[in-house]
Amino acid sequence: MILPPSNRSLRDREVEVWVFVLESGRVAADSVRLMPPTSDRDFNRRLMQEAARWMFEPARRGGMPVAAWFRYVISME
């Protein structure tokens, strides 16, 4: 679960979270990227830790699972 930022200056912003999803559906170690990162380093750290635990149905090519980048947009309201 992604916790909302406690920093009010982050309200009404969007952050793209990019992860590299392996054939197994797990996020590759150290692949999480925030674009752009927020000004709140603690929130960035928590968001990256959470995203590293996400699980996916992997992309498929020719019916076989393949590794691929996945983009997820978070709107902070």
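Scroll up for the structure.
Residues numbered from 1 in each chain as written. Predicted model: local features only at pLDDT ≥ 70, side-chain atom pairs only at ≥ 80, totals over all residues. Heavy atoms only, no water.

(A) Fine view of the sheet that holds strand β1 (residues 13-21). Pairing within the open sheet is antiparallel, and its 3 strands lie in the order β2-β1-β5. The two strands at the open ends of the sheet, each matched to only one other strand, are β2 (33-35) and β5 (68-76). For this sheet, the mean inter-axis angle between neighbouring strands, taken without regard to orientation, is 25°. Against the sheet, helix α1 (residues 41-51) touches β1, β2 and β5, its axis set at about 35° to β1. (Pairing = 2+ DSSP bridges. Helix = DSSP H or I, 4+ residues; strand = E, 2+ residues; numbered from the N terminus. Axes fitted to C-alpha atoms, helices over the stretch in contact; angles between N-to-C directions. Contact = heavy atoms within 4.5 Å.)

(B) Seen up close, the pairing of β1. Bridging between β1 and β5 involves 9 bridges; their strand directions are antiparallel. When the bridges of β5 are listed, E16 appears paired with V73. When β1 meets β2, the two strands line up antiparallel, connected through 3 bridges. In the sheet register, V17 faces β2, and the bridge partner there is L34.

(C) Structural detail: the side chain of D40. Locating D40 in the fold gives a position in the loop between β2 and α1. At 3.1 Å, the side chain of D40 forms a polar contact with the backbone nitrogen of D42. (Polar contact = N/O pair within 3.5 Å; in protein donor to acceptor, adjacent residues only side chain to side chain.)

(D) A look at the pattern of salt bridges. Inspection of the entire model under this criterion finds 5 salt bridges. E16 is the salt-bridge partner of R71, the closest N and O atoms lying 3.4 Å from each other. Placement of R71 in strand β5 and of E16 in strand β1 is noted, with a sequence separation of 55 residues between them. The class for R71 is partly exposed, based on a relative accessible area of 44%. A relative accessible area of 24% means that E16 is categorised as partly exposed. Two residues, E57 and R60, come together in a salt bridge whose shortest N-O distance is 3.2 Å. Of the residues examined, R60 reaches a relative accessible area of 49% and is grouped as partly exposed. Beyond isolated ion pairs, a larger network of salt bridges with shared partners links D42, R45 and R46. (Salt bridge = Lys/Arg side-chain N within 4 Å of Asp/Glu carboxyl O. Buried < 20%, exposed > 50% of the residue type's maximum accessible area, 1.4 Å probe, protein only.)

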